[in-house]
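Take a look at the letters that make up each chain.
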Amino acid sequence: MREMWTTLASMMGIWAFSQSLLSAVFPPELRYVTLKFIHRICNWFSAYCYYDITENDGVNTNELYNAVQLYLSSSASITGNRVSLSRGLNSSNITFGLSNNDSLIDTFNGVKVLWEHIVTPRNSQTFSWRPLPEEKRGFILRAKKINKGIVLTSYLDFVMEKANEIRRKNQDRLLYTNSRGGSLDSRGHPWESVPFKHPSTFETLAMCPKKKAEIMSDLLDFAKGESFYQRTGRAWKRGYLLYGPPGTGKSSMIAAMANYLGYDIYDLELTEVHTNSELRKLLMKTSSKSIIVIEDIDCSINLTNRKNNNSTSSGGGGSNNNSYNVSSPSPPGSGEENGGGNTITLSGLLNFTDGLWSCCGSERIFVFTTNHIEKLDPALLRSGRMDMHIHMSYSSFAALKILLKNYLGYDEDDVEKKILEQLEDVIEMAEMTPADISEVLIKNRRNKDKAVLELLEALRTRAERNNNNNAVKLSRENCTVVDEEQEKRALEESPKEGVDDQLQAKCDKEEKGGHDANDDEKVL
(Lines give C-alpha, C1' and ligand atoms only; values in the text may rest on other atoms or scores of the structure.)
Protein backbone atom coordinates (compact mmCIF):
# COMPACT_ATOMS: atom_id res chain seq x y z
CA MET A 1 0.00 0.00 0.00
CA ARG A 2 2.86 2.33 0.87
CA GLU A 3 4.53 1.55 -2.44
CA MET A 4 1.36 2.49 -4.34
CA TRP A 5 1.15 5.89 -2.65
CA THR A 6 4.85 6.44 -3.31
CA THR A 7 4.41 5.64 -6.99
CA LEU A 8 1.39 7.97 -7.21
CA ALA A 9 3.33 10.82 -5.60
CA SER A 10 6.21 10.29 -8.02
CA MET A 11 3.85 10.42 -10.99
CA MET A 12 2.27 13.64 -9.74
CA GLY A 13 5.69 15.17 -9.33
CA ILE A 14 6.65 14.18 -12.86
CA TRP A 15 3.35 15.68 -14.16
CA ALA A 16 3.97 18.95 -12.34
CA PHE A 17 7.55 19.13 -13.69
CA SER A 18 6.35 18.39 -17.23
CA GLN A 19 3.65 21.04 -17.02
CA SER A 20 6.10 23.69 -15.84
CA LEU A 21 8.51 22.65 -18.61
CA LEU A 22 5.75 22.89 -21.25
CA SER A 23 4.76 26.31 -19.94
CA ALA A 24 8.32 27.48 -20.28
CA VAL A 25 8.86 25.95 -23.73
CA PHE A 26 5.35 26.64 -25.13
CA PRO A 27 4.02 30.09 -24.13
CA PRO A 28 0.22 30.62 -23.74
CA GLU A 29 -0.07 32.28 -27.15
CA LEU A 30 1.48 29.25 -28.87
CA ARG A 31 -0.74 26.86 -26.94
CA TYR A 32 -3.82 28.89 -27.93
CA VAL A 33 -2.88 28.75 -31.62
CA THR A 34 -2.20 25.02 -31.37
CA LEU A 35 -5.54 24.28 -29.71
CA LYS A 36 -7.34 26.43 -32.25
CA PHE A 37 -5.65 24.54 -35.08
CA ILE A 38 -6.58 21.18 -33.56
CA HIS A 39 -10.18 22.38 -33.09
CA ARG A 40 -10.36 23.47 -36.71
CA ILE A 41 -9.07 20.09 -37.89
CA CYS A 42 -11.72 18.38 -35.78
CA ASN A 43 -14.39 20.62 -37.32
CA TRP A 44 -13.26 19.63 -40.80
CA PHE A 45 -13.89 15.98 -40.03
CA SER A 46 -17.05 16.63 -37.97
CA ALA A 47 -20.45 16.11 -39.61
CA TYR A 48 -22.15 18.82 -37.53
CA CYS A 49 -22.16 22.61 -37.44
CA TYR A 50 -23.15 24.76 -34.46
CA TYR A 51 -24.95 28.13 -34.21
CA ASP A 52 -25.01 30.35 -31.11
CA ILE A 53 -28.11 32.45 -30.42
CA THR A 54 -27.50 34.77 -27.47
CA GLU A 55 -30.14 36.56 -25.45
CA ASN A 56 -28.63 40.01 -25.98
CA ASP A 57 -27.04 41.33 -29.13
CA GLY A 58 -24.82 43.98 -27.61
CA VAL A 59 -27.19 46.31 -25.78
CA ASN A 60 -30.26 45.27 -27.78
CA THR A 61 -32.50 42.27 -27.20
CA ASN A 62 -32.08 39.47 -29.72
CA GLU A 63 -35.51 38.88 -31.25
CA LEU A 64 -34.41 35.50 -32.59
CA TYR A 65 -33.73 34.31 -29.03
CA ASN A 66 -37.26 35.22 -27.93
CA ALA A 67 -38.70 33.58 -31.05
CA VAL A 68 -36.78 30.33 -30.42
CA GLN A 69 -37.90 30.35 -26.80
CA LEU A 70 -41.55 30.65 -27.84
CA TYR A 71 -41.19 28.08 -30.61
CA LEU A 72 -39.60 25.48 -28.36
CA SER A 73 -42.37 26.01 -25.79
CA SER A 74 -44.79 24.07 -28.01
CA SER A 75 -42.39 21.12 -28.27
CA ALA A 76 -41.10 21.27 -24.71
CA SER A 77 -44.61 20.95 -23.28
CA ILE A 78 -45.00 17.63 -25.10
CA THR A 79 -41.58 15.95 -25.17
CA GLY A 80 -39.58 17.64 -22.41
CA ASN A 81 -39.03 15.91 -19.08
CA ARG A 82 -38.05 19.13 -17.37
CA VAL A 83 -39.64 22.38 -18.48
CA SER A 84 -39.88 25.93 -17.16
CA LEU A 85 -43.27 27.64 -16.83
CA SER A 86 -44.00 31.34 -17.31
CA ARG A 87 -46.89 33.69 -17.94
CA GLY A 88 -46.26 36.97 -19.71
CA LEU A 89 -47.90 40.38 -19.29
CA ASN A 90 -51.43 40.60 -20.77
CA SER A 91 -51.34 36.85 -21.44
CA SER A 92 -54.09 34.43 -20.51
CA ASN A 93 -52.10 31.23 -21.12
CA ILE A 94 -49.12 29.58 -19.43
CA THR A 95 -46.00 29.29 -21.59
CA PHE A 96 -43.75 26.24 -21.46
CA GLY A 97 -40.02 26.65 -22.01
CA LEU A 98 -36.83 24.61 -22.20
CA SER A 99 -35.16 24.39 -18.81
CA ASN A 100 -31.62 25.61 -18.12
CA ASN A 101 -28.81 23.52 -19.68
CA ASP A 102 -31.33 21.12 -21.16
CA SER A 103 -31.61 19.92 -24.76
CA LEU A 104 -34.36 18.99 -27.16
CA ILE A 105 -34.46 17.37 -30.62
CA ASP A 106 -36.67 18.94 -33.30
CA THR A 107 -37.55 17.74 -36.80
CA PHE A 108 -38.32 19.91 -39.82
CA ASN A 109 -39.07 18.39 -43.24
CA GLY A 110 -37.17 15.24 -42.28
CA VAL A 111 -34.15 17.19 -40.95
CA LYS A 112 -33.23 16.61 -37.30
CA VAL A 113 -31.67 19.42 -35.26
CA LEU A 114 -30.65 19.66 -31.63
CA TRP A 115 -31.47 22.68 -29.47
CA GLU A 116 -29.56 23.22 -26.22
CA HIS A 117 -30.32 25.96 -23.70
CA ILE A 118 -27.07 27.23 -22.17
CA VAL A 119 -27.07 29.35 -18.99
CA THR A 120 -23.73 30.45 -17.50
CA PRO A 121 -22.82 33.05 -14.83
CA ARG A 122 -21.75 36.40 -16.23
CA ASN A 123 -18.35 37.81 -15.33
CA SER A 124 -18.25 40.93 -13.19
CA GLN A 125 -19.24 43.70 -15.56
CA THR A 126 -17.77 47.15 -15.82
CA PHE A 127 -19.79 50.35 -15.63
CA SER A 128 -22.71 50.33 -18.06
CA TRP A 129 -25.66 52.63 -18.65
CA ARG A 130 -27.82 49.55 -19.06
CA PRO A 131 -27.25 46.87 -16.38
CA LEU A 132 -27.03 43.38 -17.80
CA PRO A 133 -28.51 40.26 -16.15
CA GLU A 134 -26.29 38.18 -13.90
CA GLU A 135 -26.56 35.16 -16.19
CA LYS A 136 -25.69 34.73 -19.85
CA ARG A 137 -28.42 32.88 -21.67
CA GLY A 138 -28.43 31.49 -25.15
CA PHE A 139 -29.35 28.62 -27.42
CA ILE A 140 -26.99 26.39 -29.37
CA LEU A 141 -28.38 24.89 -32.54
CA ARG A 142 -26.66 21.77 -33.85
CA ALA A 143 -27.39 20.48 -37.34
CA LYS A 144 -25.63 18.42 -39.96
CA LYS A 145 -23.52 20.29 -42.47
CA ILE A 146 -25.43 18.84 -45.40
CA ASN A 147 -28.59 20.49 -44.03
CA LYS A 148 -26.97 23.90 -43.49
CA GLY A 149 -28.90 25.59 -46.32
CA ILE A 150 -32.27 24.37 -45.06
CA VAL A 151 -31.54 25.39 -41.47
CA LEU A 152 -30.38 28.94 -42.28
CA THR A 153 -33.27 29.73 -44.62
CA SER A 154 -36.44 27.69 -44.39
CA TYR A 155 -36.12 26.39 -40.83
CA LEU A 156 -35.32 29.71 -39.13
CA ASP A 157 -38.08 31.46 -41.10
CA PHE A 158 -40.46 28.73 -39.96
CA VAL A 159 -39.36 29.27 -36.35
CA MET A 160 -40.07 33.02 -36.59
CA GLU A 161 -43.52 32.52 -38.15
CA LYS A 162 -44.48 29.87 -35.62
CA ALA A 163 -43.33 32.09 -32.75
CA ASN A 164 -45.43 35.00 -34.00
CA GLU A 165 -48.43 32.71 -34.25
CA ILE A 166 -47.93 31.44 -30.70
CA ARG A 167 -47.47 35.01 -29.44
CA ARG A 168 -50.74 36.16 -31.01
CA LYS A 169 -52.55 33.12 -29.64
CA ASN A 170 -51.26 33.47 -26.09
CA GLN A 171 -51.37 37.23 -25.75
CA ASP A 172 -54.72 38.92 -25.25
CA ARG A 173 -55.75 41.60 -27.68
CA LEU A 174 -55.21 45.19 -26.57
CA LEU A 175 -57.46 48.19 -27.03
CA TYR A 176 -55.56 51.46 -27.49
CA THR A 177 -56.72 55.06 -27.37
CA ASN A 178 -54.73 58.21 -28.01
CA SER A 179 -53.82 60.23 -24.93
CA ARG A 180 -55.68 63.42 -24.17
CA GLY A 181 -54.20 66.43 -25.93
CA GLY A 182 -51.42 64.38 -27.51
CA SER A 183 -49.64 63.82 -24.18
CA LEU A 184 -47.27 60.87 -23.69
CA ASP A 185 -47.52 58.12 -21.11
CA SER A 186 -44.73 57.03 -18.73
CA ARG A 187 -42.97 55.10 -21.52
CA GLY A 188 -43.15 57.98 -23.97
CA HIS A 189 -45.96 56.50 -26.05
CA PRO A 190 -48.97 58.52 -27.27
CA TRP A 191 -51.29 55.49 -26.90
CA GLU A 192 -52.83 54.11 -23.71
CA SER A 193 -53.95 50.48 -23.68
CA VAL A 194 -56.22 48.11 -21.78
CA PRO A 195 -56.84 44.39 -22.41
CA PHE A 196 -59.48 43.84 -25.08
CA LYS A 197 -62.05 41.34 -23.81
CA HIS A 198 -64.96 41.91 -26.21
CA PRO A 199 -66.64 38.52 -26.85
CA SER A 200 -68.15 39.39 -30.24
CA THR A 201 -67.45 36.93 -33.06
CA PHE A 202 -68.79 36.41 -36.55
CA GLU A 203 -70.83 33.49 -35.25
CA THR A 204 -72.73 35.71 -32.80
CA LEU A 205 -72.98 38.70 -35.16
CA ALA A 206 -76.62 39.31 -36.21
CA MET A 207 -76.08 39.66 -39.94
CA CYS A 208 -76.86 37.94 -43.21
CA PRO A 209 -74.73 34.74 -43.31
CA LYS A 210 -73.82 35.31 -46.95
CA LYS A 211 -72.52 38.80 -46.24
CA LYS A 212 -70.61 37.55 -43.18
CA ALA A 213 -68.93 34.84 -45.25
CA GLU A 214 -67.93 37.46 -47.83
CA ILE A 215 -66.36 39.69 -45.17
CA MET A 216 -64.55 36.80 -43.50
CA SER A 217 -63.14 35.66 -46.83
CA ASP A 218 -61.93 39.17 -47.61
CA LEU A 219 -60.25 39.46 -44.19
CA LEU A 220 -58.56 36.09 -44.57
CA ASP A 221 -57.27 36.96 -48.04
CA PHE A 222 -55.83 40.17 -46.62
CA ALA A 223 -54.10 38.44 -43.69
CA LYS A 224 -52.49 35.88 -46.01
CA GLY A 225 -51.77 38.29 -48.86
CA GLU A 226 -48.27 39.53 -48.02
CA SER A 227 -46.77 38.09 -51.21
CA PHE A 228 -49.68 39.45 -53.27
CA TYR A 229 -49.25 43.00 -51.99
CA GLN A 230 -45.49 42.86 -52.54
CA ARG A 231 -45.93 41.54 -56.07
CA THR A 232 -48.45 44.23 -57.00
CA GLY A 233 -46.51 47.06 -55.35
CA ARG A 234 -49.30 48.02 -52.94
CA ALA A 235 -49.04 48.88 -49.26
CA TRP A 236 -50.21 45.98 -47.10
CA LYS A 237 -53.33 47.66 -45.74
CA ARG A 238 -57.06 47.67 -46.34
CA GLY A 239 -59.92 50.02 -45.54
CA TYR A 240 -63.48 49.22 -44.49
CA LEU A 241 -66.38 51.65 -44.17
CA LEU A 242 -69.24 50.58 -41.90
CA TYR A 243 -72.35 52.70 -42.38
CA GLY A 244 -75.96 52.40 -41.33
CA PRO A 245 -78.44 53.47 -38.65
CA PRO A 246 -77.41 53.47 -34.98
CA GLY A 247 -77.72 50.12 -33.20
CA THR A 248 -77.02 47.94 -36.25
CA GLY A 249 -73.82 46.41 -34.84
CA LYS A 250 -70.97 48.47 -36.28
CA SER A 251 -68.89 48.30 -33.08
CA SER A 252 -69.62 44.58 -32.74
CA MET A 253 -68.40 44.09 -36.31
CA ILE A 254 -65.07 45.73 -35.43
CA ALA A 255 -64.68 43.49 -32.37
CA ALA A 256 -65.49 40.43 -34.47
CA MET A 257 -62.81 41.45 -36.98
CA ALA A 258 -60.22 41.80 -34.21
CA ASN A 259 -61.09 38.45 -32.64
CA TYR A 260 -61.15 36.71 -36.02
CA LEU A 261 -57.69 37.92 -37.07
CA GLY A 262 -56.14 38.28 -33.60
CA TYR A 263 -55.34 41.98 -34.17
CA ASP A 264 -55.07 44.82 -31.67
CA ILE A 265 -57.44 47.79 -31.97
CA TYR A 266 -56.40 51.47 -32.02
CA ASP A 267 -59.43 53.66 -31.33
CA LEU A 268 -58.44 57.08 -32.68
CA GLU A 269 -60.22 60.06 -31.13
CA LEU A 270 -59.86 62.85 -33.70
CA THR A 271 -61.01 65.56 -31.32
CA GLU A 272 -57.77 65.05 -29.34
CA VAL A 273 -55.55 65.47 -32.43
CA HIS A 274 -54.28 69.03 -32.92
CA THR A 275 -52.38 68.97 -36.23
CA ASN A 276 -51.56 66.78 -39.19
CA SER A 277 -48.10 66.07 -37.77
CA GLU A 278 -49.65 64.66 -34.58
CA LEU A 279 -51.85 62.45 -36.73
CA ARG A 280 -48.77 61.09 -38.51
CA LYS A 281 -46.96 60.49 -35.21
CA LEU A 282 -49.91 58.50 -33.91
CA LEU A 283 -49.84 56.39 -37.07
CA MET A 284 -46.11 55.76 -36.70
CA LYS A 285 -46.61 54.46 -33.15
CA THR A 286 -49.16 51.83 -34.18
CA SER A 287 -48.01 48.24 -34.50
CA SER A 288 -48.46 45.82 -37.36
CA LYS A 289 -51.38 43.38 -37.28
CA SER A 290 -53.73 46.03 -35.95
CA ILE A 291 -57.06 47.70 -36.72
CA ILE A 292 -57.16 51.51 -36.66
CA VAL A 293 -60.70 52.69 -35.95
CA ILE A 294 -62.36 56.09 -36.27
CA GLU A 295 -65.95 55.76 -35.09
CA ASP A 296 -68.71 58.19 -36.09
CA ILE A 297 -66.37 60.14 -38.32
CA ASP A 298 -69.23 62.37 -39.46
CA CYS A 299 -69.65 63.56 -35.84
CA SER A 300 -66.02 63.88 -34.75
CA ILE A 301 -64.91 65.94 -37.75
CA ASN A 302 -66.79 67.97 -40.35
CA LEU A 303 -66.11 66.14 -43.62
CA THR A 304 -69.07 67.36 -45.61
CA ASN A 305 -69.03 67.39 -49.39
CA ARG A 306 -66.55 69.94 -50.69
CA LYS A 307 -68.94 70.93 -53.49
CA ASN A 308 -71.12 72.66 -50.91
CA ASN A 309 -68.08 74.35 -49.39
CA ASN A 310 -66.89 75.53 -52.80
CA SER A 311 -70.25 77.07 -53.65
CA THR A 312 -70.37 78.83 -50.29
CA SER A 313 -66.84 80.14 -50.53
CA SER A 314 -67.29 81.33 -54.12
CA GLY A 315 -70.44 83.22 -53.14
CA GLY A 316 -68.65 84.90 -50.24
CA GLY A 317 -65.47 85.62 -52.17
CA GLY A 318 -63.35 83.35 -49.88
CA SER A 319 -61.10 80.44 -50.78
CA ASN A 320 -61.49 76.78 -49.78
CA ASN A 321 -58.49 75.47 -47.89
CA ASN A 322 -60.08 72.12 -46.98
CA SER A 323 -59.54 72.80 -43.27
CA TYR A 324 -62.09 71.49 -40.80
CA ASN A 325 -62.64 72.18 -37.15
CA VAL A 326 -62.57 68.98 -35.12
CA SER A 327 -63.83 70.60 -31.93
CA SER A 328 -67.19 72.03 -31.11
CA PRO A 329 -67.82 75.61 -32.27
CA SER A 330 -66.58 78.23 -29.83
CA PRO A 331 -69.06 80.66 -28.34
CA PRO A 332 -68.85 84.29 -29.38
CA GLY A 333 -66.30 86.29 -27.46
CA SER A 334 -64.27 83.29 -26.35
CA GLY A 335 -61.31 84.31 -28.46
CA GLU A 336 -61.21 81.03 -30.40
CA GLU A 337 -63.04 82.02 -33.55
CA ASN A 338 -59.84 82.78 -35.45
CA GLY A 339 -58.16 79.40 -35.52
CA GLY A 340 -57.91 78.87 -31.78
CA GLY A 341 -59.53 75.42 -31.97
CA ASN A 342 -57.85 72.15 -32.93
CA THR A 343 -57.88 71.79 -36.70
CA ILE A 344 -56.68 69.18 -39.17
CA THR A 345 -57.02 69.25 -42.94
CA LEU A 346 -58.82 66.86 -45.21
CA SER A 347 -55.57 66.19 -47.05
CA GLY A 348 -53.97 65.21 -43.73
CA LEU A 349 -56.69 62.66 -43.07
CA LEU A 350 -56.45 61.33 -46.64
CA ASN A 351 -52.67 60.94 -46.34
CA PHE A 352 -53.26 59.18 -43.03
CA THR A 353 -55.28 56.49 -44.81
CA ASP A 354 -53.69 56.35 -48.26
CA GLY A 355 -50.56 58.52 -48.35
CA LEU A 356 -46.87 57.74 -48.00
CA TRP A 357 -47.14 57.66 -44.21
CA SER A 358 -49.84 55.00 -44.33
CA CYS A 359 -47.27 52.40 -45.46
CA CYS A 360 -44.81 52.94 -42.58
CA GLY A 361 -46.19 49.70 -41.10
CA SER A 362 -47.65 46.53 -42.56
CA GLU A 363 -50.76 44.38 -42.17
CA ARG A 364 -53.01 47.13 -40.87
CA ILE A 365 -56.71 47.69 -41.38
CA PHE A 366 -58.46 51.07 -41.33
CA VAL A 367 -62.13 51.05 -40.27
CA PHE A 368 -64.37 54.12 -40.39
CA THR A 369 -67.95 54.11 -39.13
CA THR A 370 -70.71 56.60 -39.85
CA ASN A 371 -74.47 56.89 -39.55
CA HIS A 372 -74.75 59.21 -42.57
CA ILE A 373 -72.55 58.22 -45.49
CA GLU A 374 -73.96 61.03 -47.62
CA LYS A 375 -72.26 63.59 -45.36
CA LEU A 376 -68.73 62.31 -46.08
CA ASP A 377 -66.50 63.74 -48.77
CA PRO A 378 -66.29 61.46 -51.86
CA ALA A 379 -62.48 61.62 -51.77
CA LEU A 380 -62.55 59.71 -48.48
CA LEU A 381 -64.79 56.96 -49.85
CA ARG A 382 -62.94 55.97 -53.00
CA SER A 383 -61.17 52.62 -53.45
CA GLY A 384 -57.68 52.55 -52.00
CA ARG A 385 -58.89 54.39 -48.89
CA MET A 386 -62.15 52.64 -48.08
CA ASP A 387 -61.86 49.49 -50.19
CA MET A 388 -65.00 47.77 -48.95
CA HIS A 389 -68.26 49.49 -48.00
CA ILE A 390 -70.37 47.42 -45.60
CA HIS A 391 -73.98 48.48 -45.08
CA MET A 392 -75.15 47.61 -41.57
CA SER A 393 -78.90 47.51 -42.12
CA TYR A 394 -81.95 46.75 -40.02
CA SER A 395 -82.50 43.18 -38.85
CA SER A 396 -83.47 40.68 -41.50
CA PHE A 397 -85.12 37.33 -40.88
CA ALA A 398 -81.72 35.57 -41.04
CA ALA A 399 -80.34 38.00 -38.46
CA LEU A 400 -83.41 37.48 -36.27
CA LYS A 401 -82.79 33.73 -36.16
CA ILE A 402 -79.20 34.36 -35.02
CA LEU A 403 -80.47 36.64 -32.23
CA LEU A 404 -82.98 34.02 -31.08
CA LYS A 405 -80.18 31.47 -30.88
CA ASN A 406 -77.81 33.84 -29.05
CA TYR A 407 -80.22 35.08 -26.39
CA LEU A 408 -82.75 32.24 -26.02
CA GLY A 409 -80.85 29.24 -27.32
CA TYR A 410 -83.60 28.64 -29.86
CA ASP A 411 -82.93 27.02 -33.21
CA GLU A 412 -85.35 27.33 -36.08
CA ASP A 413 -87.08 24.08 -35.12
CA ASP A 414 -87.63 25.19 -31.51
CA VAL A 415 -90.08 27.95 -32.49
CA GLU A 416 -93.60 27.19 -33.65
CA LYS A 417 -93.87 27.27 -37.41
CA LYS A 418 -96.86 29.62 -37.32
CA ILE A 419 -95.06 32.15 -35.10
CA LEU A 420 -91.94 31.85 -37.22
CA GLU A 421 -93.92 32.65 -40.36
CA GLN A 422 -95.48 35.68 -38.68
CA LEU A 423 -92.04 36.90 -37.65
CA GLU A 424 -90.80 36.50 -41.20
CA ASP A 425 -93.76 38.44 -42.60
CA VAL A 426 -93.36 41.42 -40.27
CA ILE A 427 -89.59 41.71 -39.76
CA GLU A 428 -88.88 43.63 -42.98
CA MET A 429 -91.65 46.20 -42.44
CA ALA A 430 -90.77 46.72 -38.77
CA GLU A 431 -87.24 48.06 -39.49
CA MET A 432 -85.93 47.23 -36.02
CA THR A 433 -82.22 47.24 -35.30
CA PRO A 434 -80.45 44.26 -33.68
CA ALA A 435 -79.99 46.40 -30.56
CA ASP A 436 -83.77 46.93 -30.22
CA ILE A 437 -84.52 43.25 -30.72
CA SER A 438 -81.80 42.25 -28.27
CA GLU A 439 -83.30 44.48 -25.59
CA VAL A 440 -86.68 42.76 -25.93
CA LEU A 441 -85.09 39.31 -25.70
CA ILE A 442 -82.85 40.20 -22.75
CA LYS A 443 -85.76 41.61 -20.78
CA ASN A 444 -87.69 38.30 -21.04
CA ARG A 445 -84.86 35.78 -21.37
CA ARG A 446 -86.06 33.82 -18.31
CA ASN A 447 -89.39 33.10 -20.03
CA LYS A 448 -88.43 32.18 -23.58
CA ASP A 449 -91.96 31.71 -24.94
CA LYS A 450 -93.01 35.08 -23.55
CA ALA A 451 -89.93 36.67 -25.08
CA VAL A 452 -90.86 35.39 -28.56
CA LEU A 453 -94.47 36.55 -28.26
CA GLU A 454 -93.49 39.97 -26.94
CA LEU A 455 -90.97 40.33 -29.75
CA LEU A 456 -93.68 39.52 -32.28
CA GLU A 457 -95.96 42.13 -30.74
CA ALA A 458 -93.16 44.74 -30.77
CA LEU A 459 -92.47 44.00 -34.44
CA ARG A 460 -96.14 44.35 -35.33
CA THR A 461 -96.40 47.65 -33.46
CA ARG A 462 -93.33 49.02 -35.19
CA ALA A 463 -94.56 47.81 -38.60
CA GLU A 464 -97.97 49.50 -38.13
CA ARG A 465 -96.30 52.72 -37.07
CA ASN A 466 -94.01 52.63 -40.09
CA ASN A 467 -96.98 52.02 -42.40
CA ASN A 468 -98.84 54.98 -40.90
CA ASN A 469 -95.78 57.19 -41.23
CA ASN A 470 -95.34 56.10 -44.83
CA ALA A 471 -99.00 56.88 -45.56
CA VAL A 472 -98.69 60.34 -44.03
CA LYS A 473 -95.46 60.93 -45.91
CA LEU A 474 -97.04 59.83 -49.20
CA SER A 475 -100.02 62.12 -48.58
CA ARG A 476 -97.72 65.04 -47.94
CA GLU A 477 -95.76 64.29 -51.07
CA ASN A 478 -98.98 64.24 -53.11
CA CYS A 479 -100.03 67.56 -51.62
CA THR A 480 -96.62 68.97 -52.37
CA VAL A 481 -96.88 67.81 -55.98
CA VAL A 482 -100.32 69.45 -56.34
CA ASP A 483 -99.04 72.70 -54.81
CA GLU A 484 -96.05 72.69 -57.11
CA GLU A 485 -98.26 72.19 -60.17
CA GLN A 486 -100.54 75.04 -59.12
CA GLU A 487 -97.58 77.31 -58.48
CA LYS A 488 -96.09 76.40 -61.83
CA ARG A 489 -99.36 77.14 -63.59
CA ALA A 490 -99.60 80.50 -61.81
CA LEU A 491 -96.06 81.36 -62.81
CA GLU A 492 -96.82 80.54 -66.44
CA GLU A 493 -99.83 82.90 -66.48
CA SER A 494 -98.40 85.77 -64.45
CA PRO A 495 -95.64 86.76 -66.91
CA LYS A 496 -98.18 87.34 -69.73
CA GLU A 497 -100.31 89.61 -67.55
CA GLY A 498 -97.23 91.42 -66.36
CA VAL A 499 -96.02 92.04 -69.94
CA ASP A 500 -99.43 93.40 -71.02
CA ASP A 501 -99.50 95.78 -68.06
CA GLN A 502 -95.96 96.97 -68.83
CA LEU A 503 -96.81 97.63 -72.52
CA GLN A 504 -99.98 99.56 -71.59
CA ALA A 505 -98.08 101.69 -69.08
CA LYS A 506 -95.38 102.42 -71.67
CA CYS A 507 -97.93 103.50 -74.29
CA ASP A 508 -99.71 105.77 -71.79
CA LYS A 509 -96.40 107.34 -70.85
CA GLU A 510 -95.43 108.01 -74.47
CA GLU A 511 -98.86 109.45 -75.27
CA LYS A 512 -98.70 111.70 -72.23
CA GLY A 513 -95.23 112.81 -73.21
CA GLY A 514 -96.51 113.76 -76.71
CA HIS A 515 -99.32 115.89 -75.34
CA ASP A 516 -96.93 117.77 -73.06
CA ALA A 517 -94.66 118.59 -76.01
CA ASN A 518 -97.54 120.03 -78.05
CA ASP A 519 -98.63 122.22 -75.15
CA ASP A 520 -95.14 123.63 -74.88
CA GLU A 521 -95.07 124.49 -78.58
CA LYS A 522 -98.38 126.33 -78.27
CA VAL A 523 -97.06 128.39 -75.40
CA LEU A 524 -93.99 129.38 -77.42
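Residues numbered from 1 in each chain as written. Predicted model: local features only at pLDDT ≥ 70, side-chain atom pairs only at ≥ 80, totals over all residues. Heavy atoms only, no water.

- Looking up the protein chain in an unreviewed UniProt entry gives the name AAA+ ATPase domain-containing protein, with the organism given as Anisodus tanguticus.
- Recorded under Cofactor (unreviewed entry), the UniProt text for the protein chain is reproduced unchanged: "Mg(2+)". (UniProt positions renumbered as here; feature names shortened; annotations may be inferred.)

1. As for the overall build of the protein chain
- Scanning the protein chain from N- to C-terminus turns up 16 helices and 17 strands.
- Classification of the 524 residues of the protein chain by burial places 31% in the buried group.
- Long-range contacts, defined here as pairs at least 24 residues apart, represent 68% of the contacts in the protein chain between residues at least 6 apart.
- Total accessible area on the protein chain stands at roughly 33,500 Å², and carbon and sulfur atoms take up 53% of it. (Helix = DSSP H or I, 4+ residues; strand = E, 2+ residues; numbered from the N terminus. Buried < 20%, exposed > 50% of the residue type's maximum accessible area, 1.4 Å probe, protein only. Contact = heavy atoms within 4.5 Å. Areas by Shrake-Rupley, 256 points an atom, 1.4 Å probe, with all protein chains shown as cover.)

2. A few points about the pattern of salt bridges
- Tallied over the entire structure, the rule returns eight salt bridges.
- Lys289 serves as the salt-bridge partner of Glu363, at 2.6 Å between the closest nitrogen and oxygen. In this pair, Glu363 sits in the loop between helix H11 (346-354) and strand S16 (364-370) while Lys289 sits in the loop between helix H8 (276-284) and strand S13 (290-294), placing the two residues 74 residues apart along the sequence.
- Residue Glu363 is classed as buried on the basis of its relative accessible area of 5%.
- Residue classification places Lys289 among the partly exposed positions, given a relative accessible area of 25%.
- Between Asp436 and Arg462 there is a salt bridge, and its shortest N-O distance comes to 3.9 Å. Note that Asp436 is positioned in helix H15 (residues 434-443) and Arg462 in helix H16 (residues 448-523), a separation of 26 residues in sequence.
- In the salt-bridge network here, residues are joined through shared partners; they are Lys237, Asp354, Arg382 and Arg385. (Salt bridge = Lys/Arg side-chain N within 4 Å of Asp/Glu carboxyl O.)

3. Some words on the packing of helix H5 (residues 209-223) against helix H7 (residues 250-261)
- For the pair H5 and H7, interaxial distance at closest approach is 11 Å and the crossing angle is 45°. As summarised for this structure, H5 and H7 are arranged oblique, according to the angle between their axes. Considering how the two elements wind past one another, H5 and H7 form a crossing that is right-handed. Residues Ile215, Met216, Leu219, Leu220 and Ala223 of H5 form the contact with H7, whose own contacting residues are Met253, Met257, Tyr260 and Leu261.
- In terms of residue class, the contact of H5 with H7 is made up of nine nonpolar, no polar and no charged. (Axes fitted to C-alpha atoms, helices over the stretch in contact; angles between N-to-C directions. Parallel < 35°, antiparallel > 145°, perpendicular 65-115°, else oblique. Left-handed = near helix turned anticlockwise from the far one by under 90°. Nonpolar A, V, L, I, M, F, W, Y, C, P; charged D, E, K, R; others polar.)

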